[in-house]
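# Summary of the model geometry
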Number of protein chains: 2
Amino acid sequence: MKIDNITAETVQKLEMLLEELLPESESQVVSAARYSILNAGKRIRPVLLMEFYKLCGGENFKGALCFAAALEMIHTYSLIHDDLPCMDNDDMRRGKPSCHKQFGETIALLAGDMLLTKAFSVACGADGIPDDRMIKAIEVLSYEAGENGMIGGQEIDLAIENKEADIEIITEMYLKKTSALLVCACKIGCILAGASENELQAAEKYAESLGLAFQIIDDILDKTADEKQLGKPVGSDDKNNKSTYLSKKGIEASRKNAAELTQKALSALEAFSGDKTAVREITLYLLDRKY
Amino acid sequence: MKIDNITAETVQKLEMLLEELLPESESQVVSAARYSILNAGKRIRPVLLMEFYKLCGGENFKGALCFAAALEMIHTYSLIHDDLPCMDNDDMRRGKPSCHKQFGETIALLAGDMLLTKAFSVACGADGIPDDRMIKAIEVLSYEAGENGMIGGQEIDLAIENKEADIEIITEMYLKKTSALLVCACKIGCILAGASENELQAAEKYAESLGLAFQIIDDILDKTADEKQLGKPVGSDDKNNKSTYLSKKGIEASRKNAAELTQKALSALEAFSGDKTAVREITLYLLDRKY
């Protein structure tokens, strides 16, 4: 099965929903949010959310898609704020000027705030999902994006800037900065479908390993990828003097580690009795990606 | 009834809950959030939320208080981000250095993001409130804080900077920038208590008028108040060349307008059959405040 065949339906429906949620507007803030979120990324988090929803037997795809859109809004807000001058000060994102380069710093700040805020009303609009599952899913969304998840990872990233960090700290940073929103995707898919506690734990294990692998591959691509294909300058980790898995372990050990983590992620899927073909394919694709 | 007697219990319980939700931490981001939110403001929004909850017969004060804390977190995030250099660039807030002056711009940005994010998991923790009411309340929280509410007001504020704005635009800005979170407080209090549609509409009317009066009084205080008592420099609207109700209408007409709006707010309370004494007192206090 080709990866595009797996992701195409979710991606297409997601784009339509995002267009509907953020229609063209005179507002600069809304326009900036549209600019950033419709700038088609890989949509990995929404795709994983929907695939875990299916894997656990969920059938209300329209309802689950609201959470997929909410999660993508949170992911996009984090990119907008990360690119700001007081953070990573990145001028390019996915081959286009970053949000603040296009709309100015103030509008970019507000566009990020708006996407983060709106994510929760979008989640609340998931018709037909039982109320208790919605609340549990909203709680996970907030938790994994917060100080114990993504924002916590950001803070570690800042704290170790221009410093030598050991591999434990780097791993904790990856788990929070990258794995947290993937955990969020997989767990929410499970929760909305009414999965068991056992399945929830397996989803978390899967996503933690996947996130670590994903980030290690990102580090490798930052050194080796084609700049045009990657959509942003390569070598930024070296330039910013960042401690990464790669800088600590070298390229061969990093590649090996990413492959092992991918295997670990695949093993975690054994807990699910449903058809795992699609999730497996996505997992392998993410290991092999070139950008 | 003295205003302190009305607000004391909510304020005290709120402080305790906030201490519990944001305990002392090695994290700079959490410390910055604590610094800003424990820097006791008037807590008007939490107080109004709790008073409307009581007015509509609510009895699960502990549950409702979670939403009060969530709302105060959103209010505090908005102050942190508003004070940032790319926004209003304010050095002082409530008599102390603003968050970015104390912790730096990056940590302040993340502390704001964190408070906004965490507000929603705090709301989800409201034990004993029926699930359907929780979801409705979370939706209102997100809506009023978003591009149709508070963030929309921020955008108007930026758009009319250094420009002559007419009174309609200024009113729309006040309704979004200031009324929206008050509407949020009063409506959520009603929703959590299971109020009728009629009561919800009355709460909205009340809070819209109250917010306009509140903002007009803020404009007047910015010109006339004692700097030390206000906790921030006076004259900032003139300095920033801001169009305000006051700059358009003058001080006498503004005072009269604030009093009329306060009366309008009080009239809206007629829709409620419960004991309105406390809400009335708060309303009159806000009109007469000196800082």
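In what follows, the accompanying structure is described. (Residues numbered from 1 in each chain as written. Chains lettered and ligands numbered in written order. Predicted model: local features only at pLDDT ≥ 70, side-chain atom pairs only at ≥ 80, totals over all residues.)

### Brief notes about the overall build of chain A
Put simply, the rule is: The way it works is that DSSP assigns letters per residue, a run of H or I at least four long becomes a helix, a run of E at least two long becomes a strand, and they are numbered from the N terminus. Our exposure labels follow a C-beta count within 10 Å of each residue's own C-beta, placed from the backbone: buried means 20 or more other C-beta atoms, exposed means 12 or fewer, and partly exposed covers the counts in between.
Looking only at helices and strands, chain A has 15 helices and 2 strands in total. Taken along the three principal axes of its C-alpha coordinates, chain A extends 50 × 50 × 35 Å. Across the 291 residues of chain A, 52% fall into the buried class.

### Quick notes on the interface of chain B and chain A
Here is the rule: Contacts here follow a simple rule: the backbone-placed C-beta atoms of the two residues must lie within 7 Å. Residue polarity follows a fixed list, in which Ala, Val, Leu, Ile, Met, Phe, Trp, Tyr, Cys and Pro are nonpolar, Asp, Glu, Lys and Arg are charged, and the others, Gly among them, are polar.
In this complex, chain B contributes 34 residues to the contact, which on the side of chain A involves 34 residues. Those elements that provide at least two residues to the side of chain B that touches chain A are helix H2 (28–37), helix H6 (105–124), helix H7 (131–145) and helix H8 (150–159) of chain B. Tallying contributions element by element places H6 of chain B first for the side of chain B that touches chain A, with 12 residues. When the residues that make up the side of chain B that touches chain A are grouped by side-chain class, the tally is 17 nonpolar, 9 polar and 8 charged.

### Regarding the packing of helix H1 (residues 3–21) of chain A against helix H3 (residues 44–55) of chain A
Residues and elements named next belong to chain A. Heads up, the rule is: Simply put, an axis is a line fit to the C-alpha atoms, just over the touching stretch for a helix, and the angle between two N-to-C directions goes from 0 to 180 degrees. In this scheme the crossing of two helices becomes right-handed for a clockwise turn of the near helix relative to the far one and left-handed for an anticlockwise turn of less than a right angle.
Following both chains from N to C, one finds H1 and H3 inclined at 115 degrees, their axes separated by 10 Å at the closest point. In the packing of H1 onto H3, the handedness of the crossing is right-handed. Counted together, Thr7, Thr10 and Leu14 of H1 and Pro46, Val47 and Met50 of H3 form the full contact between these two elements. Residue classes in the contact of H1 with H3 are distributed as 4 nonpolar, 2 polar and no charged.

### Some remarks on the relation of the copies chain B and chain A
A rotation about an axis combined with a shift along that same axis relates the two copies of the chain. Threshold: Superposition of the copies was done by least squares, using only C-alpha atoms of residues whose pLDDT is at least 70 in both.
Of the transformation placing chain B onto chain A, the axial shift is 0.0 Å and the rotation is 180 degrees, giving an RMSD of 0.0 Å. Between the two chains, the operation in question is that of a two-fold axis. Relative to the rotation axis, the C-alpha of Asp131 of chain B is the closest in chain B, positioned 2.9 Å from it. Mapped onto chain A, 100% of the interface residues of chain B again fall at the interface, so both copies present the same surface.

### Section: the packing of H7 of chain B against helix H9 (residues 167–192) of chain B
Residue and element names in this part refer to chain B. For clarity, the threshold we go by: Any angle that falls under 35 degrees is termed roughly parallel, while one over 145 is termed roughly antiparallel, one within 65 to 115 roughly perpendicular, and all others oblique.
Packing of H7 against H9 leaves a shortest axis separation of 9 Å and a crossing angle of 175 degrees. In terms of axis orientation, H7 runs roughly antiparallel to H9. Contact with H7, carried on its side by Arg133, Lys136, Ala137, Val140, Leu141, Glu144 and Ala145, involves Ala180, Leu181, Val183, Cys184, Lys187, Ile188, Ile191 and Leu192 of H9 and no other residues of that element. Partitioning the contact of H7 with H9 into residue classes produces 11 nonpolar, no polar and 4 charged.

### Side note on the nonpolar core
Here is the rule we go by: As used throughout, a nonpolar core is a set of buried Ala, Val, Leu, Ile, Met, Phe, Trp, Tyr and Cys residues joined through C-beta atoms within 7 Å of each other.
Membership of the largest hydrophobic core comes to 193 residues, with the highest contact counts inside it found for Phe67, Ala70, Ala111 and Ala123 of chain A together with Phe67, Ala70 and Ala123 of chain B. Apart from the residues within four sequence positions on either side, Ala123 of chain A is in contact with Cys66, Phe67, Ala70, Ala137, Ile138 and Leu141 of chain A.

### Comments concerning unusual backbone geometry
Residue and element names in this part refer to chain A. Phi angles above zero are rare outside glycine, and Arg43 is one such case at about 60 degrees. In this structure, Arg43 sits in the loop between helix H2 (28–37) and H3. A tally of 21 C-beta atoms within 10 Å means that Arg43 is categorised as buried.

### Some remarks on the environment of Leu22 of chain B
Residue and element names in this part refer to chain B. Inspection of the secondary structure assignment puts Leu22 in the loop between helix H1 (3–21) and H2. Taking the C-beta count within 10 Å as the criterion, Leu22 has 23 such neighbours and is therefore assigned buried. Each C-alpha atom, one on Leu22 and one on Phe120, is 14 Å from the other, the two residues being 98 residues apart in sequence. Among all residues touching Leu22, those that are not within four sequence positions of it are Val30, Ala33, Arg34 and Ile37.

### Overview of the environment of Ile160 of chain B
Residue and element names in this part refer to chain B. Mapped onto the elements, Ile160 comes out in the loop between H8 and H9. Here the alpha-carbon distance between Ile160 and His100, two residues 60 residues apart in the chain, equals 25 Å. In this view, Ile160 contacts Ala165, Ile169 and Ser243; residues no more than four positions away in its chain are not counted.

### Here we look at helix H8 (residues 150–159) of chain A
An α-helical turn contains 3.6 residues, so any two residues separated by three or four positions project in the same direction. Within H8 of chain A, 7 of the 10 residues are buried, which leaves the element mostly enclosed by the surrounding structure. Listed as buried for H8 of chain A are Met150, Ile151, Gly152, Gly153, Gln154, Glu155 and Asp157 of chain A. The secondary structure elements touched by the buried residues of H8 of chain A are helix H4 (61–83), helix H7 (131–145) and helix H9 (167–192) of chain A together with H2 and H6 of chain B.

Any functional reading would require information beyond the geometric quantities listed.
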